Amino acid sequence: MQMGQGFRGNLRGFWTPEAPRMHSIQPIQLSVFSETARLRQVVVHNPGPEVDLMVPGMMEKLLFDDILYGDLARQEHAQFRQVLARVADEVLDIQDLFVEALQDEGVKLAFVEDLRRLVGLPDDTCNLLRDMAPADTARSVIGGLPWDDMPGHTHWEEEFDYRVRPIPNLLFMRDPASVIGDGYSVNSMATWAREREPLILSYVFRHHPRLRHHTEHDKWFDQVTPLIRGEIKAPVSMEGGDILVLSHKVLVVGCSERTQTDAIQLLAENLRAHRAEDDSSFDHLLMVLMPKKRSAMHLDTIFTRTSENECLVYPPYFLEGSRELLNVTSIDLRHPELRMSTHPSLLKALKVVGIDLQPIFCGGNDSILQQREQWTDGANAFCLAPGVITSYGRNLATAEALDRAGYRALTAREVLADPALDLLDGKKYLVQIEASELSRARGGPRCMTMPLAREAG
């Protein structure tokens, strides 16, 4: 017991967050009208104590297939952030933004009250969170609050040894919120394990000094606020991995095991209403009808855009003649009411709205490698600029397919060791990230990023 207490105590010392870092005081103007335009601001989350103390018994409920070696995962994530910083103006961490949003005491207290309503925390736990400094409140909400941190509690709970359970999925910043055009959505998660994350993002968007200038008019979707207010009892789910902004006029959303048809309908109605006021808004929303299974949990696990005229795909879902070809419902937003039509595939539906993409095959031409590398996020590339993408280094057949399409493959180490290398020289690059630990968490580079702004096209 003494060894365990000492180990836990040392970890608590490790958990102490750095002082909040305000990289800039300039307001951030939300602007994501592309999957490929050069990154300006992007949000990530360095895996912290929330992954260090996740025991095997917690994995299934917290949506992991394995426990991670936290120190190595952090090294890999640090490398990933450095690669992003070679192109992006700013790489921000959600925990820093969250701490900065809670600096006002009234905001912190309001957050704890909303958290109590959302997840049913007992009063004594809420009081502890209220009495903490903002950085400690944020640390506890994200990393968890163990029972044995608290006087009078030294037992192991039946399931989790936490008064406030950790949220290790925050590593995948793509899902709890999305910037769509010049607005945003506060997404509603499909699983209990991630219910807290959208509330964190909602407070960051509404209260962070660089983001709070945005208004309710800028919010396209939000099921969290009406749930907390008691206006709805069963929110419909939508997650950011299913949302791809392909142009100023075209939005693509996957109807998956994590995103419901009713949520997409709500988003479409809100975008249509906004378009009635501003005809420069989106014209089309394409809904991809996906299989409800874990291997294809989000659209971006099977389809990502890599350049203005190319995309990376898991072939069975997008090739004509395949028995698994995914159908598409096209929603026209340009009329007083939503108008819908159907298409046999996403690539055909995109051609109809003026986007002609050449598919590059995740896993190359071998069906076995396609399945293996799709499972390890071979199709989940993230675009830093047109034709400049990151992907996991372990997906060799996918890298070979990209090489045949003209992408120069470089390891992250090679990129970071050569400060003279210009990733924005107009050539196409694949930067391969080391990810022996990160890839075990079932999410790729796009999953780990939430762009706030990209360069205007």
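Predicted model only: the values in this text are computed from it and were never measured.

What counts, and at which threshold
Starting afresh in each chain, residues are numbered from 1 along the sequence in its written order. Thresholds applied to this predicted model are a pLDDT of at least 70 for local features of residues and 80 or more for the giving and counting of side-chain atom pairs; totals over whole chains, interfaces and linings are not thresholded and use all residues. The side-chain numbers reported here are obtained from all heavy atoms of the structure, hydrogens and water having been left aside. Salt bridge, as applied in this entry: a Lys or Arg side-chain nitrogen positioned within 4 Å of an Asp or Glu carboxyl oxygen. In this description a helix means any DSSP run of H or I spanning at least four residues, a strand means any run of E spanning at least two, and both kinds are numbered starting from the N terminus. Only protein chains enter the accessibility calculation, which uses a 1.4 Å probe; a residue is then buried when its area is under 20% of its type maximum, exposed when over 50%, and partly exposed in between. Only centres within 6.5 Å qualify two rings of Phe, Tyr or Trp (six-membered ring in Trp) as a pair; their planes then separate them into stacked at under 30 degrees, edge-to-face at over 60, and tilted for everything else. Any two residues having at least one pair of non-hydrogen atoms within 4.5 Å are treated as being in contact.

(A) Just the pattern of salt bridges, in detail. Under the definition given, this model contains 30 salt bridges. Between Lys108 and Glu105 there is a salt bridge, with its nearest N and O atoms 3.4 Å apart. Note that Lys108 and Glu105 are positioned in helix 5 (residues 105-119) at a spacing of three residues, about one turn of the helix. Take Glu105: its relative accessible area is 42%, and that puts it in the partly exposed class. Via salt bridges that share partners, Glu113, Arg116, Arg117 and Arg130 belong to a single interconnected network.

(B) Molecular detail of the packing of aromatic side chains. Within this structure, the stated rule accounts for six aromatic pairs. With 5.1 Å between their ring centres and 70 degrees between their planes, Phe98 and Phe111 make a pair best called edge-to-face. In this pair, Phe98 is assigned in helix 4 (residues 94-101) and Phe111 in helix 5, connecting sequence segments 13 residues apart. Residues Phe98 and Phe111 agree in their burial class; the two are buried. Here the aromatic rings of Tyr184 and Phe205 are separated by 4.2 Å at their centres, their planes lie at 15 degrees, and the arrangement is stacked. Placement of the pair is Tyr184 in strand 6 (residues 183-186) and Phe205 in helix 8 (residues 197-207), with a sequence separation of 21 residues. Looking at Tyr184, the relative accessible area reads 2%, which means it is buried.

(C) Local environment of the environment of Lys249. Among the structural elements, Lys249 can be located in the loop between strand 8 (243-245) and strand 9 (250-255). For Lys249, a relative accessible area of 29% gives the class partly exposed. Along the chain, Lys249 and Phe33 lie 216 residues apart, while their C-alpha atoms are 8.2 Å from each other. When residues no more than four places from it in sequence are discounted, the contact partners of Lys249 are Arg275, Asp279, Ser280, Ser281, Phe282, Asp283 and His284.

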